[in-house]
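Listed below, chain by chain, are the residues.
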Amino acid sequence: MQKIFLFAALCFASLPGFSQSTYFQQSVQYDIDVTLDDQQHILRAFEKIKYSNLSKDTLHEIYFHLWPNAYKNDRSAYTEQEVENGKTDFYYSKDSSKGFIDSIDFRVNNEMVETGYVNDHEDILFVRLNAPLLPGQSIEISTPFRVKIPTCFSRLGHTGQSYQITQWYPKPAVYDTKGWHPMPYLNQGEFYSEYGSFIVRIHLPANYVVAATGDLQEKEEQAFLETRIHDSIAKQNNTRTGNKTITYKQDHVHDFAWIADKDFEIEKQSITLSSGRKVDCVSYFKPSNAVLYKGSSKIIVQTVQYLSDHVGEYPYSHASVADASLIAGDGMEYPNVAILGKTGSRSMLQTVIIHEVGHNWFYGLLGSNERDHAWMDEGMNTFYEQAIDKHIKEGDSLLSNKRESFSESLNGAFIYQLMAKVHEDQPIDIHAGLFTSINYGAIPYQKTGAMIKYLQAYLGKDTFEIVMKKYFQDWHFKHPYPEDFRNVITKISHKSCDWFFEDGLQTKKTIDFAIGRMHTAADGNSIVKIKNRTSFRGPVEVSACKGDSVLSAQWIEYPYTTPAQFSADVKQKANAFRIDPNENIPEIKRSNNTLQIHALIQRWKPALRLGTSLGISTKQKSYVLPGMGYNAYDGFQLGMIWHNLELPNRKFQFALMPLYALDSKEITGSGFVSYTSYPSFAKHVIFGIESRSYHNAESRVNITRPMYTRYVKMAPFIEMEWKHTARAPQRNQLKLRYIHLRQNAFYYTLNSTDSLFRPALSGYSNRSFGQARFIHTNKRTFNPFAYQLNVVGNHRMLKVSAEGQAKIDYLMKGKAFYVRAYAGSYIDWASSTPVFADRNQYLQTNSRANNDILFDEIYIGRNEQVGWMSKQISTNEGGLKVGTPLLSTPVGQSNQWLSALNLRSDLPIRMPLKIQVFFDAATFANARLLNSSGNRYLYDAGLECHLFGDMLIIYAPLLMSPDLRDYTKSVYTKNRFVESMSFSLNLHKLSWYKTQNVLDLVKF
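Only a predicted model underlies this, so the values are computations on that prediction, with no experimental measurement involved.

Section: the overall build of the protein chain
Assigned secondary structure in the protein chain consists of 20 helices and 52 strands. Principal-axis analysis of the C-alpha atoms gives the protein chain an extent of 110 × 85 × 75 Å. Across the 1004 residues that make up the protein chain, the buried fraction comes to 54%. For the protein chain, restricting intrachain contacts to residue pairs at least 6 apart in sequence, the fraction spanning at least 24 positions comes to 65%.

Quick word on helix H3 (residues 77-84)
Because an α-helix packs 3.6 residues into every turn, residues spaced three or four apart end up facing the same way. Across the eight residues of H3, six count as buried, placing the element largely inside the fold. Every buried residue of H3 is accounted for by Ala77, Tyr78, Thr79, Gln81, Glu82 and Val83. Against strand S8 (121-133) lie the buried residues of H3.

Regarding the packing of helix H13 (residues 437-459) against helix H14 (residues 461-475)
Following both chains from N to C, one finds H13 and H14 inclined at 115°, their axes separated by 6 Å at the closest point. Between H13 and H14 lies a crossing whose hand is right-handed. For the pair H13 and H14, contact is made by Ile452, Leu455, Gln456 and Leu459 and by Lys461, Thr463, Phe464 and Val467, respectively. Here the contact of H13 with H14 is built from residues that sort into five nonpolar, two polar and one charged.

Structural notes on the side chain of Ser961
On the secondary structure map, Ser961 appears in the loop between strand S51 (952-960) and helix H19 (962-971). Once you skip the residues sitting within four places of it in the chain, Ser961 turns out to touch Tyr937, Leu938 and Tyr939.

Remarks on the confidence of the model for the protein chain
Chain-level pLDDT for the protein chain is 91 on average; 94% of the residues reach the 70-or-more range. Within the model, pLDDT remains below 50 along residues 1-20, and this stretch shows 11 contacts once partners closer than five positions in the same chain are excluded. Within the model, pLDDT remains below 50 along residues 403-409, and this stretch shows eight contacts once partners closer than five positions in the same chain are excluded.

Points about the sheet that holds strand S7 (residues 114-118)
Here we have four strands laid out as an open sheet, ordered S7-S8-S3-S12, and antiparallel in their pairing. Edge positions in the sheet fall to S7 and strand S12 (171-172), since each has one partner strand and no second. Bridge count for S7 against S8 is five bridges, and the pairing is antiparallel. From the neighbouring strand, Thr115 faces S8, where its bridge partner is Val127.

Side note on the pattern of salt bridges
Where charged atoms from two side chains of opposite charge approach closely, those side chains can pair. Per the counting criterion, the structure on display carries 44 salt bridges. Ionic pairing is found between Asp389 and Lys393, a salt bridge with its closest N-O pair at 3.2 Å. A residue pair is termed a helical-turn pair when its members lie 3 or 4 positions apart in one helix, as Asp389 and Lys393 do in helix H9 (residues 375-394) at four residues. You can call Asp389 buried: its relative accessible area is 12%. A relative accessible area of 17% places Lys393 in the buried class. The salt bridge partner of Arg758 is Asp754, with a shortest N-O separation of 2.5 Å. Taking relative accessible area as the criterion, Arg758 reaches 23% and is therefore assigned partly exposed. Each member of the salt-bridge network shares a partner with another, and the members are Arg486, Asp498, Glu502, Asp503, Lys509 and Arg537.

Here we look at the nonpolar core
For soluble globular proteins, nonpolar side chains are generally found buried alongside one another. The biggest cluster of nonpolar side chains holds 178 residues, and the ones touching the most others in it are Tyr51, Trp168, Trp258, Val304, Phe485 and Phe500. For this core, the element with the most residues is H13, which contributes 10 residues. Not counting the four nearest positions on each side in its chain, Trp258 is found in contact with Val34, Leu36, Leu43, Tyr163, Gln164, Ile165, Trp168, Ile202, Leu204, Val210, Ala211 and Ala212. Membership of the second largest hydrophobic core comes to 28 residues, among which are Leu741, Tyr842, Leu843 and Met960.

So, the sheet that holds strand S11 (residues 162-165)
Taken together, the four strands give an open sheet; going across it, the order is S10-S11-S19-S16, and neighbouring strands pair in antiparallel fashion. What marks the edges here is a single partner per strand, and that holds for strand S10 (157-159) and strand S16 (209-212). Adjacent strand axes in the sheet meet at a mean angle of 10° when their direction is disregarded. Bridging between S10 and S11 involves three bridges; their strand directions are antiparallel. Bridging from a neighbouring strand, Gly157 pairs with Gln164 of S11.

A closer look at a positive patch on the surface
Taken together, Arg517, Lys531, Arg533, Lys589, Arg603 and Lys651 make up a surface patch of like positive charges. The residue Lys589 is located in the loop between strand S30 (576-579) and strand S31 (594-596) in this model.

Points about the packing of aromatic side chains
The full count for this structure, using the stated rule, is 62 aromatic pairs. Judged by centre distance (5.2 Å) and plane angle (90°), the ring pair of Tyr23 and Trp475 falls under edge-to-face. Taken as a pair, Tyr23 in the loop between helix H2 (19-22) and strand S1 (27-37) and Trp475 in helix H14 lie far apart in primary sequence, 452 residues in all. Given the relative accessible area of 2%, Trp475 is considered buried. For the pair Tyr91 and Tyr92, a centre-to-centre distance of 5.4 Å together with 85° between the ring planes defines the contact as edge-to-face. Through a chain of ring-to-ring contacts, three or more aromatic side chains come together here, namely Trp375, Tyr454, Tyr458, Tyr471, Phe485, Trp499, Phe500, Phe501, Phe536 and Trp555. Taking NZ or CZ as reference, Lys98 lies 5.1 Å from the ring centre of Phe90, over its face. Stacked on the ring of Tyr818, the Lys or Arg Arg904 has its end atom at 4.1 Å from the ring centre.

Digging into unusual backbone geometry
Cis geometry marks the peptide bond from Tyr558 to Pro559, where omega comes out at 10°. Tracing the sequence through the fold places Pro559 in the loop between strand S28 (549-556) and strand S29 (564-566). Put simply, Leu647 and Pro648 share a cis peptide bond, and its omega is 0°. Looking at where Pro648 falls in the secondary structure, it is placed in the loop between strand S34 (635-643) and strand S35 (652-661). The phi torsion at Asp580 lies on the positive side, around 50°, for a residue other than glycine. When you line up the elements, Asp580 lands in the loop between S30 and S31.

Things to note about the packing of helix H6 (residues 296-310) against helix H7 (residues 346-358)
The interhelical angle for the contact between H6 and H7, taken along N-to-C directions, is 40°, at an axis separation of 9 Å. Classed by the angle they form, the pair H6 and H7 counts as oblique. Crossing of H6 against H7: the hand is right-handed. The segment H6 lies against H7, with Ser296, Ile299, Ile300, Thr303, Val304 and Leu307 engaging Arg346, Gln350, Ile353, Ile354, Val357 and Gly358. Class assignment for the residues of the contact of H6 with H7 results in seven nonpolar, four polar and one charged.

Scoring rules and cut-offs
- Residues numbered from 1 in each chain as written.
- Predicted model: local features only at pLDDT ≥ 70, side-chain atom pairs only at ≥ 80, totals over all residues.
- Heavy atoms only, no water.
- Helix = DSSP H or I, 4+ residues; strand = E, 2+ residues; numbered from the N terminus.
- Buried < 20%, exposed > 50% of the residue type's maximum accessible area, 1.4 Å probe, protein only.
- Contact = heavy atoms within 4.5 Å.
- Axes fitted to C-alpha atoms, helices over the stretch in contact; angles between N-to-C directions.
- Left-handed = near helix turned anticlockwise from the far one by under 90°.
- Nonpolar A, V, L, I, M, F, W, Y, C, P; charged D, E, K, R; others polar.
- pLDDT = per-residue confidence, 0-100.
- Pairing = 2+ DSSP bridges.
- Salt bridge = Lys/Arg side-chain N within 4 Å of Asp/Glu carboxyl O.
- Core = buried A, V, L, I, M, F, W, Y, C linked by side-chain atoms within 4.5 Å.
- Patch = residues over 30% accessible without salt bridge, like charges linked within 9 Å, V, L, I, M, F, W, Y side chains within 5 Å.
- Areas by Shrake-Rupley, 256 points an atom, 1.4 Å probe, with all protein chains shown as cover.
- Lys, Arg positive; Asp, Glu negative; His and termini not counted.
- Charge placed at Lys NZ, Arg CZ, Asp CG, Glu CD.
- Phe/Tyr/Trp six-rings, centres within 6.5 Å; stacked < 30°, edge-to-face > 60°.
- Lys NZ or Arg CZ within 6 Å of the ring centre and 35° of its normal.
- Parallel < 35°, antiparallel > 145°, perpendicular 65-115°, else oblique.

Structure follows, in structure tokens:
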């Protein structure tokens, strides 16, 4: 019986709710001497650590982080993540710009020990103990070390003689109830460290101003800092010479950082908290940013005051921020001090200061595992950042009346909604390294902040504040996990918040509540039902409102079988029933949240606006914009665009652009309608139809007013993209289209009166094509590639082709070699005798407007034979830049098969324009017989200039095969070089119905 009881006790102790009784944390006491060599950008240091094993386990080794080695070479986890995220500055950096830590010689109790790297990570080291470290015992660990400070690429680094010294010393990994937590340095993904005490002595030139973790000990140095106060009468020029030693001490922190700059000026205010503790709030900034930083210390004061009042009192003697060359985001937090990067405005600086100072609570005092549970730090802090930012702005008349800038409007839940609407979001509670680059900001920061706002609204502000204060009281200076936060909520609120911790944190379920029908019960109460459009199981607030005022509100719990009830008195005063009137719930759709009591149409609130908008609206908005177009036949076209395109994308989208053509004097235009679904078997499926109608030829033969032919295109389509893992660069897409074309043409009749031929327009002829295209892209940062298989046909022909593209990166940033290969086959279903009218759809080594049989591309002059408009080409099929368009049978045309190779390369020099060299070669069926030269191949080579992000490319051939050269000599008798030039417009690659993914094909 005793054994059974012991087993039951052990099982109970392992439950999450029992974590407090089994909780332990190790103790680490640091003593570090460090010298800065600002000529060689090197730190030379010696470290002693008293490590106390307060666990119940016997330790045989201790893991250390050597994070400066993340900057040692291009094989570190940091470098690999940066490259995967598309950031290559460090990868391409010179060896002189890189950094490392060396001269390590660990001793334990002054005895040599075995050490080694962990899993090939040179920034993680194990120290094998000569004797087991028993529970309750302590050891002394010591080592010299040297740090080559890298140029600023992430957090640790220097810009000239301005230094940000972070993650710089050998640091023990955390050992907790879940075991050891050794981790490589990452830019995307922060840290987890043991609490302890620091004594750090810094030796450096005397003219440096230092901001650091901990309390400065030297009175002389404190006096020197007073002379750097920006507006002080006593401010002096920084003319100190020689060297100095400054000492910092701090208890109950888990990291130590320092920032040194000769030019720092200081702004300082102090605050006295309710306990009587005085806190100095200090900002260090460069003189060039003095105007921007004016009043920055007051923002620190307000942040410290707010969080001390609403979460828990700040226990240290100072809170500081320093203006530096941070690359890893807008700011980075360390105990007592934060490093700020470049901010574009005063308002943005305020937000960054609030966020980074706030991290003294959520990171500094509540030391959660940021790598595994980033939301506990970033998300909680984002919630309070937004609350404090609003609190400060409401108290500042200049800021409260200021409209948000475009960049500022992208904050909050918008980034999350942007990703969630297209099902590209991820669960909140996953490892930081698993997030995509954009989701790292969208999910653990913004979505978590929004979810905590939702939680606050559900619990009520007063209860929520009690929860947070209890959480702080129980867990400051400790390492809480999600289950610890959950236990506090349950204990205080007596409510089950499973929806928050399970659906909210562990899944990517989106939220969309819709208001249902309302009816009046026998007792006169109004019964309002709600509908849950997703599988999210959270509570929903339903309110009776009059304008913006909430008259009565109640929360409806899952499974929502009990409707909301409002008394007759409330209904009589209200004009609407609303879901979440204060927008506390991060829904992906809000236009279905309102039932207007007295309106004819109760649930639909249309609105017409100018331009477009960002964010989730409570109304069904559509927009108008001015529209304009141009081609050789219609001339300039003016009109409007009526659309509902906005960010985030909607499932149903449309854009209609009717135009009036100033030359043809007729109506032209284009448009599309699409609907996107997200089935379980695919990332998305898009159903849509695109249309276009413009004039495409002109005749002025013997008439005073020109005549124009017109084409009308209707193209319904289905596009499906395969599912893929979040960080995978591969995409697979299948697009099926039916293209119906109506065209009229000119015919010429002889006038019996004057014997002149005049044009007339024929009736419309109809052609239809079917197309299937599969596209695979791999958009990896280095050496991306793509290939596609394309089939186009109708009852008369079938064209089958395969195309591949690859970018081969040089060892020079922004420079690469590009390869395109094409192979196509043409089958004539109609007859064995080719029809002249079908020749435009044959395979071509040089593709021009008349070869665009599907009217997919945008040509300025579709039937121009001479002039600059006739020089427009496309890099389809053979991809040659030189053609023979004036020949009735162009050179390089084939009704059997064609293959081509297109090469281009960046030039290995820096230039203001993107100029490349190109070489194209193609061969085709019976080439040796059809080419007058008897050559089997056609080729050209020259220079190409890319403008407007590759939307316009100009080609200048310098070399061409004999058949092409002979053509240019005979046709272009003057200015042959200029006349041989061509250009391409790539506007056709823009997909209106995918405004978050505008390129239809991968662009290299």
